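This is what each chain is made of:
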Amino acid sequence: MPVPLFDTVSPLAPLRAEIDAAVARVIDGGQFILGPEVTAFEQEFAAYCGAAHAVGVANGTEALTVALRALGVGPGDEVVVPSFTFYASAEAIPPTGATPVFCDVDPDTFCVTAETVEAALTPRTKAVIAVHLFGNVAPIKEIESLGVPVIEDAAQAAGTTGPDGRPGSLGTLATFSFFPSKNLGAMGDGGAITTQDGELADRVRMLRFHGSWDKVTYEHVGYNSRLDELQAAILRVQLPHLDRWADGRRAAGRHYEEAGLGELVDLPRATAGAAPAWHLYVVRSEQADALAAALADAGHGQKAYYRTPVHLQPAMREYGAGADLPATTEVARTHLAIPMSAVLTADQVGEVVTTARAAGLSASPA
Ligand SMILES: Cc1ncc(COP(=O)(O)O)c(C=O)c1O
């Protein structure tokens, strides 16, 4: 049986009646923008993350831009960001007027470290975007000790726990995406910003609403970037299930280990003390393309998400030229995402591993 790369349908099927009721509640209430559902979701999501405040925004990309603006990032500033990430992590920086400066990652965890960030700091660095890539956890406290504000890009890490708490509670600000395939996914676009700092939360609230409190006086050039009531109502149905889904993702990771996948490819490694809710399960192999071909032939999902790292993308030419990022180069060449979801079974994992074994791969020597 073909195993899909991810499954956004099965986990939601048992919640269908509740979701239908939530949608009907919003339609009957007649309030579609910044109403009671968004307010309630913001409180519930902040409590889940262990953050004092959450502010719903339109998507995870604008969440980053708004968070940077709330920190006062603007023209002449630099923002350090990994190159091995989804393009949006860096794309969110130039709209503030600041310059992205690319840093390397730890090839075992796929996340930035204090060392890789430090190598990219200059006197103009105004902030660091640390991505919790694939659901793993970047070492936020160590990076903060370098003395720069850290924004967690937690788009892929809802449901994860780290040694110091959940993503969303660790940095100066954190940003989330509720893109439908994420660990907590809306039925459209959505995002949130969390912070422990009340003043920053107020600034974010104003920026998401045209830089205004009342739509009469406009104090900043802001954004129209709001989570809508329908998406908030749907997310409220899902949030109580996020921990169970995260357990399902971790269990699927264990199934891969128990089925011996580590003999064939290099498995993703959790950062110390982290329990990642694997958003994507990404392995590394010198024979990544052969593995991709074998899985595709068997009908199984697979994808090399970031074969061209962000600093080499055409739109980033102006910022990425000259960056020397050896670990990024290596993981960009060797990574491959294989099936992962909250409901991936041991049998499905067995099918994927059997296909990988038949492809005659071997992991790099430890
Ligand atoms: C790491 C990362 N950052 C930012 C984003 C942007 O989120 P969105 O698609 O909601 O704009 C995503 C996901 O798409 C992501 O994976």
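These lines cover the structure that appears in this document, whether it is placed above or below. All of these numbers come straight from a predicted model, not from anything done at the bench.

**Quick word on the nonpolar core**
Piece 1. By size, the foremost hydrophobic cluster in this structure holds 60 residues, and its most contacted members are Phe-84 and Ile-129.
Piece 2. The biggest single contributor to this core is helix 3 (residues 60-70), with six residues.
Piece 3. Apart from residues lying up to four places away in sequence, Ile-129 is in contact with Leu-64, Leu-68, Val-79, Val-80, Val-81, Pro-82, Ser-89, Ile-93, Ile-151 and Asp-153.
Piece 4. Of all hydrophobic cores here, the second largest spans 22 residues; its members include Ala-51, Ala-54, Phe-178 and Leu-239.

**Concerning a nonpolar patch on the surface**
Piece 1. On the surface, a cluster of nonpolar side chains totalling about 280 Å² of accessible area is made up of Ile-27, Phe-32 and Ile-33.
Piece 2. Inspection of the secondary structure puts Phe-32 in the loop between helix 1 (16-29) and helix 2 (36-49).

**A word on the site of the ligand**
Piece 1. Of all residues adjacent to the ligand, which total 13 residues, the nearest are Gly-60, Thr-61, Asp-153, Ser-177 and Lys-182.
Piece 2. One of the backbone nitrogen or oxygen atoms of Gly-60 is found 2.8 Å away from an oxygen atom of the ligand.
Piece 3. Ser-177 is positioned with one of its side-chain polar atoms (N or O) 2.7 Å from an oxygen atom of the ligand.
Piece 4. Here the ligand, which alone exposes 390 Å², has 92% of that area covered by the protein.
Piece 5. For the shell around the ligand, the secondary structure elements donating two or more residues are helix 3 and helix 4 (88-91).
Piece 6. Classifying every residue of the shell around the ligand gives four nonpolar, seven polar and two charged.

**Section: the sheet that holds strand 4 (residues 125-131)**
Piece 1. Strand order in the open sheet formed by seven strands is 1-7-6-5-4-2-3, with mixed pairing between adjacent strands. In this open sheet, the two edge strands, each paired with only one partner strand, are strand 1 (53-57) and strand 3 (99-103). The sheet shows a mean angle of 25 degrees between the axes of neighbouring strands, direction not considered.
Piece 2. Helix-sheet contacts for helix 7 (residues 198-207) involve strand 1, strand 6 (173-177) and strand 7 (191-195), and the interaxial angle to strand 1 is about 15 degrees.

**Re the packing of aromatic side chains**
Piece 1. Under the criterion given, the structure shown has 12 aromatic pairs.
Piece 2. On the basis of an interplanar angle of 85 degrees and a centroid distance of 5.4 Å, the ring pair of Phe-84 and Tyr-306 is categorised as edge-to-face. Here the residue Phe-84 occupies a position in the loop between strand 2 (78-82) and helix 4, and Tyr-306 occupies one in the loop between helix 10 (288-297) and helix 11 (317-320), the gap between them amounting to 222 residues. One exposure class covers both Phe-84 and Tyr-306, and it is buried.
Piece 3. An aromatic cluster of three or more residues is present, and its members are Phe-84, Phe-110, Phe-134, Tyr-305 and Tyr-306.
Piece 4. Over the ring of Tyr-48 we find Arg-166; its NZ or CZ atom is 4.1 Å from the centre of that ring.

**Here we look at the packing of helix 2 against helix 8 (residues 229-238)**
Piece 1. Two elements in contact, helix 2 and helix 8, have axes whose closest approach is 8 Å; the angle formed by their N-to-C orientations is 40 degrees. With respect to each other, helix 2 and helix 8 are oriented oblique. At the point where helix 2 passes helix 8, the crossing takes the left-handed sense. Across the interface between the two elements, Pro-36, Glu-37, Val-38, Ala-40, Phe-41 and Glu-44 from helix 2 touch Glu-229, Ala-232, Ala-233, Leu-235 and Arg-236 from helix 8.
Piece 2. Considering only residue class, the contact of helix 2 with helix 8 consists of seven nonpolar, no polar and four charged.

**Thoughts on unusual backbone geometry**
Piece 1. Unlike most non-glycine residues, Leu-34 shows phi in positive territory, near 45 degrees.
Piece 2. Residue position: Leu-34 is located in the loop between helix 1 and helix 2.
Piece 3. Among the residues examined, Leu-34 registers a relative accessible area of 27% and is labelled partly exposed.
Piece 4. We note that Phe-134 has phi near 60 degrees; this positive angle belongs to a residue other than glycine.

**Remarks on the pattern of salt bridges**
Piece 1. All told, the structure shown has 18 salt bridges when counted by the stated rule.
Piece 2. Close ionic contact of Arg-166 with Asp-243 constitutes a salt bridge, the shortest N to O distance being 3.3 Å. Taken as a pair, Arg-166 in the loop between strand 5 (150-153) and strand 6 and Asp-243 in helix 9 (residues 242-258) lie far apart in primary sequence, 77 residues in all.
Piece 3. For Asp-243, a relative accessible area of 34% translates into the label partly exposed.
Piece 4. Among the salt bridges present, the one from Glu-286 reaches Arg-333, with a minimum N-O distance of 2.9 Å. Within this pair, whereas Glu-286 is found in the loop between strand 8 (281-284) and helix 10, its partner Arg-333 is found in helix 12 (residues 326-334), the two being separated by 47 residues in sequence.
Piece 5. Residue Arg-333 is classed as partly exposed on the basis of its relative accessible area, which comes to 45%.
Piece 6. Beyond isolated ion pairs, a larger network of salt bridges with shared partners links Arg-25, Glu-37, Glu-44 and Arg-236.

What counts and what doesn't
Residues numbered from 1 in each chain as written. Predicted model: local features only at pLDDT ≥ 70, side-chain atom pairs only at ≥ 80, totals over all residues. Heavy atoms only, no water. Core = buried A, V, L, I, M, F, W, Y, C linked by side-chain atoms within 4.5 Å. Buried < 20%, exposed > 50% of the residue type's maximum accessible area, 1.4 Å probe, protein only. Helix = DSSP H or I, 4+ residues; strand = E, 2+ residues; numbered from the N terminus. Contact = heavy atoms within 4.5 Å. Patch = residues over 30% accessible without salt bridge, like charges linked within 9 Å, V, L, I, M, F, W, Y side chains within 5 Å. Areas by Shrake-Rupley, 256 points an atom, 1.4 Å probe, with all protein chains shown as cover. Salt bridge = Lys/Arg side-chain N within 4 Å of Asp/Glu carboxyl O. Near = heavy atom within 4 Å. Polar contact = N/O pair within 3.5 Å; in protein donor to acceptor, adjacent residues only side chain to side chain. Nonpolar A, V, L, I, M, F, W, Y, C, P; charged D, E, K, R; others polar. Pairing = 2+ DSSP bridges. Axes fitted to C-alpha atoms, helices over the stretch in contact; angles between N-to-C directions. Phe/Tyr/Trp six-rings, centres within 6.5 Å; stacked < 30°, edge-to-face > 60°. Lys NZ or Arg CZ within 6 Å of the ring centre and 35° of its normal. Parallel < 35°, antiparallel > 145°, perpendicular 65-115°, else oblique. Left-handed = near helix turned anticlockwise from the far one by under 90°.

The values are spatial; any link to function lies outside them.
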